[in-house]
Amino acid sequence: MHLALCSFMKWSGSVIGLLALFGGLNCGDDPAAPPGNRFQPVFTTLYSNVREKTELVVTTPEGWTQIWAQISAGTPSTNRPAVDFRNDDVIIVALGEKRKAGFNVHIEQVEFSDTTRNIVVLLTIPAETCSSSEVITTPLDAAVVSKSSRPTRFIERVTTLSC
């Protein structure tokens, strides 16, 4: 199990600066209570341009616009999904830069406990013995989830691909 709150190191400095300016990043301390257990995948890619491992919560339209410009840059003709930030947040999980095929990330579900909003993430990695293609990827998954005043906790499950 891995616990991380908004580790978004070494993104584009201008994007992070703008998000801080607009208040678009949040680690789950939004005062709104969750209206239910909403979970809707909205975007997945192997080419996100996010070079460092990242887990973050986007809580504003301005933040979503800034992040979307970066994560969708390698994806042709993809429109930014609409999000009602009065009731929802966007969860983004990226693996960072990987130098061989077989890596992937998938947000599986969101669960609410009495004290936290838990984001369950499945990481797929190739077995050490596999001979994978040498290719640079930056896997990322994004989902819309119910807004919550509870801290957000990311729980990782790892699966290893056999050859």
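Calculation notes
Residues numbered from 1 in each chain as written. Predicted model: local features only at pLDDT ≥ 70, side-chain atom pairs only at ≥ 80, totals over all residues. Heavy atoms only, no water. Phe/Tyr/Trp six-rings, centres within 6.5 Å; stacked < 30°, edge-to-face > 60°. Helix = DSSP H or I, 4+ residues; strand = E, 2+ residues; numbered from the N terminus. Buried < 20%, exposed > 50% of the residue type's maximum accessible area, 1.4 Å probe, protein only. Lys NZ or Arg CZ within 6 Å of the ring centre and 35° of its normal. Polar contact = N/O pair within 3.5 Å; in protein donor to acceptor, adjacent residues only side chain to side chain. Contact = heavy atoms within 4.5 Å. Pairing = 2+ DSSP bridges. Axes fitted to C-alpha atoms, helices over the stretch in contact; angles between N-to-C directions.

## Quick word on the packing of aromatic side chains
One pair of aromatic rings is described through two measures. These are the centre distance and the angle between the planes. What the rule picks out here adds up to two aromatic pairs. Consider the rings of Phe-43 and Trp-68, whose centres lie 4.7 Å apart with planes at 65 degrees: the pair is edge-to-face. Of the two residues, Phe-43 is situated in strand β2 (residues 39-45) and Trp-68 in helix α2 (residues 61-71); the sequence distance between them amounts to 25 residues. On the basis of relative accessibility, which here comes to 6%, the residue Trp-68 falls in the buried class. An aromatic cluster of at least three residues, connected via ring pairs, comprises Phe-43, Trp-64 and Trp-68. Taking NZ or CZ as reference, Lys-98 lies 5.2 Å from the ring centre of Phe-103, over its face.

## Some words on the side chain of Thr-138
Among the structural elements, Thr-138 can be located in the loop between β6 (117-126) and β7 (140-146). Separated by 2.7 Å, the side chain of Thr-138 and the backbone nitrogen of Ser-48 make a polar contact. With residues up to four places along the chain from it excluded, the contact list for Thr-138 reads Thr-45, Leu-46, Tyr-47, Ser-48, Asn-49, Val-50, Arg-51, Gly-96 and Glu-97.

## Points about the environment of Thr-138
Among the residues examined, Thr-138 registers a relative accessible area of 3% and is labelled buried. The spatial distance from the C-alpha of Thr-138 to the C-alpha of Arg-51 is 6.4 Å, given a sequence separation of 87 residues. Of the polar contacts made by the side chain of Thr-138, one reaches the backbone nitrogen of Asn-49; its length is 3.1 Å.

## A short note on the sheet that holds strand β5 (residues 104-112)
The mixed open sheet is built from three strands, whose spatial order is β5-β6-β8. Only two strands of the sheet have a single neighbouring strand rather than two, namely β5 and β8 (152-161). In this sheet, adjacent strand axes meet at a mean angle of 20 degrees when their direction is disregarded. Where β6 lies against β8, 10 bridges are found, and the strand directions are parallel. Note that in β8 the partner of Leu-122 across the bridge is Arg-157.

## A closer look at unusual backbone geometry
The backbone of Asn-49 sits at a positive phi, close to 70 degrees, despite the residue not being glycine. Within the secondary structure, Asn-49 is located in the loop between β2 and β3 (54-58). The exposure class of Asn-49 is partly exposed, given its relative accessible area of 30%.

Limitation: the analysis is restricted to geometry and does not speak to function.
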